[in-house]
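Tertiary structure, described
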Amino acid sequence: MSKIEQIITEIEEYIDNCKFQPLSTSKIIVNKDDIDELLAELRLRTPDEIKKYQKIIANKDAILNDAKERSEAMISEATAHINQLVSEHEIMQKAYAEANQIIEQAQQEAQGILDTATTEANDLRTRAMQYTDDILANVQSILSTGMNSFESAQETMMTSLNSSLNVVVESRKELGAQDEDNADLELDDDMTVDLDQ
């Protein structure tokens, strides 16, 4: 409690303790010296209290101004930070968009390369199969021709062998007939000798 408030309380208590004038409920009898003393002290204390309050008010204004400046600085800093975050967010979004575009382009290029490689591989496979089929057809033709030639040669050889066999058989037959003739001649000679004797 301030001094002024204390003096005012003392004046109120003093008035409450005063006696009323006779036949009155609103007028009281006060001791002039006592009330003058309280009022004098009130006057004496008032300038000091006013200065104190003015100082408090001034300090309050200074505190409020400082708080205002600090809050404005914090708001400014927060705004700058938010703007920076927004800017960084925009940069990140732009970077993500560019990265996604690069990834999509790379995927398209990779798909194109894969499609081209698949087409070339299929074409190469088709050509290789055709080349292999052509070689196999050529080999088949050579083998067929060789087999036909072999069969023809075999038939010729068999004919020649049969002819030779026939010659041999006939020769043997002729040899066998000559042997019989010679045996007959020897038998005749023997008979002749016997006759001569």
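The following refers to the structure shown. (Residues numbered from 1 in each chain as written. Predicted model: local features only at pLDDT ≥ 70, side-chain atom pairs only at ≥ 80, totals over all residues. Heavy atoms only, no water.)

1. Observations regarding the overall build of the protein
Each helix and strand in the protein was counted, giving two helices and two strands. Written out in order from the N terminus, the α and β elements of the protein read α-β-β-α. Within the protein, the proportion of its 197 residues that are buried is 6%. Carbon and sulfur atoms make up 57% of the accessible area of the protein, which amounts to about 17,300 Å² in all. (Helix = DSSP H or I, 4+ residues; strand = E, 2+ residues; numbered from the N terminus. Buried < 20%, exposed > 50% of the residue type's maximum accessible area, 1.4 Å probe, protein only. Areas by Shrake-Rupley, 256 points an atom, 1.4 Å probe, with all protein chains shown as cover.)

2. Re the nonpolar core
Grouped burial of nonpolar side chains is what soluble globular proteins tend to show. If you look at the biggest cluster of nonpolar residues, it comprises eight residues: I4, I7, I11, Y14, C18, I35, L38 and L42. Secondary structure elements with two or more residues in this core: helix 1 (3–17) and helix 2 (32–196). By residue number, the principal contributor to this core is helix 1, which donates four residues. (Core = buried A, V, L, I, M, F, W, Y, C linked by side-chain atoms within 4.5 Å.)

3. With respect to the pattern of salt bridges
Applying the stated rule across the entire model yields three salt bridges. Of the charged contacts in the structure, one is a salt bridge between D66 and R70, with a shortest N-O distance of 3.8 Å. With D66 and R70 both in helix 2, this residue pair falls four residues apart, about one helical turn. Of the charged contacts in the structure, one is a salt bridge between R127 and D123, with a shortest N-O distance of 3.3 Å. (Salt bridge = Lys/Arg side-chain N within 4 Å of Asp/Glu carboxyl O.)

4. Thoughts on helix 1
Taking 1.5 Å as the rise per residue, helix 1 with 15 residues should run 21 Å; its terminal C-alpha atoms sit 21 Å apart, in good agreement. Turning to helix 1, its buried residues number three or more, namely I4, I7, I11 and Y14. Projected onto a plane normal to the axis of helix 1, the buried residues spread over an arc of 85° and lie on a single side. Along helix 1, exposed side chains directed more than 90 degrees from the buried face belong to D16 and N17. (Expected span 1.5 Å × (residues − 1). Arc of directions from axis to C-beta.)

5. Let's talk about a negative patch on the surface
A surface patch of like charges, here negative, comprises E10, E12, E13, D16, D33, D34, E37 and E41. Considering the arrangement of structural elements, one finds E13 in helix 1. The partly exposed category is assigned to E13, whose relative accessible area is 45%. (Patch = residues over 30% accessible without salt bridge, like charges linked within 9 Å, V, L, I, M, F, W, Y side chains within 5 Å. Lys, Arg positive; Asp, Glu negative; His and termini not counted. Charge placed at Lys NZ, Arg CZ, Asp CG, Glu CD.)

6. Topic: the environment of T46
Examined against the element boundaries, T46 turns out to sit in helix 2. Overall, T46 belongs to the partly exposed group, its relative accessible area being 25%. C-alpha separation for the pair T46 and K3, spaced 43 residues apart in sequence, amounts to 8.5 Å.

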